[in-house]
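Descriptive structure summary
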Amino acid sequence: MPDARINLAHVYFSRGNFTLAVKIYQNCLQNFYYNTDSQILLYLACTHYDVDQWQDCIKNLLRTIHLAPSNYTLRFDAGVAMQKFSASTLKKAKRTADEVRATVAELQNVVRVFSQLSAASNLHIHGFDEKKIDTHVGYCNHLLSAAKVHLEAAEHEEQQVRQRQELARQVALAEEARRKAEEQRKFQMERRKLEEVCHFSFQIPTLRTRLIFRRGVLLGYKEKGKLVNIVRLLIS
């Protein structure tokens, strides 16, 4: 039963229907082999490789290496996939500094993988030789040099972005401080006006009382009873 499904996935793969092929491979891997079949994992890795889905390809290859650690061909394939992924990242029109840093780390891992393969004593048994590996190492070192240049440019651009953001933040803070100061100034002006009005309103009865009292005193010389009435009115 699983063989028929796997063959069907092969048919979809040959016809270019990679999405359906991946789905059938994954179903077989989960339902019949409990995610532990290195051959189906390799089928998945090859499918992802053909559609430039490098991260999924690398993930499945690493799972396959975990199941078959002595298979040097899988290590070589993983190195090639990581090399392809790094090259595709550097070819992107827009790259963040984090992406380039990750690419630098990935290329360093690739060089380490190929160096380990180069140190193996039975290279010819696995179908590749030292010259082939050295070619990959040289290309990865070339990519690594280019990645460092891209990293400097990306970090410079990232720094400029941070400076612009900081400048915008400072301008916003200054504008907010100016607005609050203006509001405080208006509040103080309104408060002083209110205090002046209140002070003046308290002064007016006193002045009026004094004027009337003085007038009453003058009238008191003529009509003493009227002066007493005025004073009593003001006191009440």
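No experiment lies behind these values; they were computed from the predicted model shown.

Each value, and the rule that gives it
- Residues numbered from 1 in each chain as written.
- Predicted model: local features only at pLDDT ≥ 70, side-chain atom pairs only at ≥ 80, totals over all residues.
- Heavy atoms only, no water.
- Salt bridge = Lys/Arg side-chain N within 4 Å of Asp/Glu carboxyl O.
- Helix = DSSP H or I, 4+ residues; strand = E, 2+ residues; numbered from the N terminus.
- Buried < 20%, exposed > 50% of the residue type's maximum accessible area, 1.4 Å probe, protein only.
- Core = buried A, V, L, I, M, F, W, Y, C linked by side-chain atoms within 4.5 Å.
- Expected span 1.5 Å × (residues − 1).
- Arc of directions from axis to C-beta.
- Contact = heavy atoms within 4.5 Å.
- 1 Å grid on protein atoms, 1.4 Å probe; cavity = no way out; pocket = protein on both sides within 12 Å on 5 of 7 lines; lining within 4 Å.
- Points joined across faces, edges and corners; volume = space filled by probe spheres on them.
- Nonpolar A, V, L, I, M, F, W, Y, C, P; charged D, E, K, R; others polar.
- pLDDT = per-residue confidence, 0-100.
- Phe/Tyr/Trp six-rings, centres within 6.5 Å; stacked < 30°, edge-to-face > 60°.

Things to note about the pattern of salt bridges
Counting across every chain of the model gives 11 salt bridges. The partner of arginine 101 in a salt bridge is glutamate 158, with the nearest N and O atoms 3.4 Å apart. With arginine 101 in helix α6 (residues 97-118) and glutamate 158 in helix α7 (residues 130-220), this pair connects stretches of sequence that are 57 residues apart. On the basis of relative accessibility, which here comes to 35%, the residue arginine 101 falls in the partly exposed class. With a shortest N-O distance of 2.8 Å, glutamate 175 and arginine 178 are connected by a salt bridge. Of this pair, glutamate 175 and arginine 178 both sit in helix α7, three residues apart, roughly one helical turn.

A few points about the nonpolar core
Counting 20 residues, the largest nonpolar core has Leu61, Phe76, Phe114, Leu117 and Ile133 as the members making the most contacts within it. Elements with a contribution of two residues or more to this core: α4 (54-67), α5 (72-90), α6 and α7. Of the residues forming this core, the biggest block, six residues, is contributed by α5. Formed by 11 residues, the second largest nonpolar core is a distinct cluster that contains Ile6, Ala21, Val22 and Leu29.

A word on the environment of alanine 102
Inspection of the secondary structure puts alanine 102 in helix α6. Take alanine 102: its relative accessible area is 45%, and that puts it in the partly exposed class. In sequence terms alanine 102 and threonine 89 are 13 residues apart; their C-alpha atoms lie 9.6 Å from each other.

Quick look at helix α1 (residues 2-14)
If you check α1, its first and last C-alpha atoms are 18 Å apart, about what 13 residues at 1.5 Å a residue would give, namely 18 Å. Residues Pro2, Ile6 and Ala9 constitute the buried set of α1. Down the axis of α1, the buried set is contained in an arc of 55°. They therefore lie on one face. Those residues of α1 that are exposed and aimed more than 90 degrees away from the buried face are Asp3 and Ser14. For α1, the secondary structure elements touched by its buried residues are α2 (18-32) and α3 (38-50). Two residues or fewer past α1, glycine 16 is found with a positive phi of approximately 90°.

Looking at the layout of surface pockets
If you roll a probe as big as a water molecule over the atoms, it shows you where there is empty space left. Here the largest pocket is characterised by a volume of approximately 230 Å³. Forming the walls of the largest pocket are Ala93, Lys94, Arg95, Thr96, Ala97, His150, Ala153, Ala154, Glu157, Glu158 and Val161. For the lining of the largest pocket, the element with the most residues is α7, which contributes six residues. Residues that form the lining of the largest pocket fall into these classes: five nonpolar, two polar and four charged. What the second largest pocket holds in volume is close to 150 Å³. Secondary-structure elements contributing two or more residues to the lining of the second largest pocket are α4, α5 and α6. In terms of residue count, α5 provides more of the lining of the second largest pocket than any other element does, five residues in total.

As for the confidence of the model for the protein
Fine structural detail should not be taken from predicted coordinates in areas where pLDDT scores are low. The share of residues in the protein with pLDDT of 70 or more is 81%, and the mean pLDDT across the chain is 83. Segment residues 210-236 is flagged for pLDDT under 50; beyond a separation of four residues in sequence, or across chains, it makes 10 contacts in the model.

Notes on the packing of aromatic side chains
A full pass over the atoms with the stated rule returns four aromatic pairs. When the ring of tyrosine 49 is compared with that of tryptophan 54, the centres are 5.1 Å apart and the planes differ by 85°; the resulting orientation is edge-to-face. You can call tyrosine 49 partly exposed: its relative accessible area is 30%. Assessed through its relative accessible area of 10%, tryptophan 54 is described here as buried. The interplanar angle of 65° and the centroid separation of 5.7 Å between the aromatic rings of phenylalanine 76 and phenylalanine 114 together place this pair among those described as edge-to-face.

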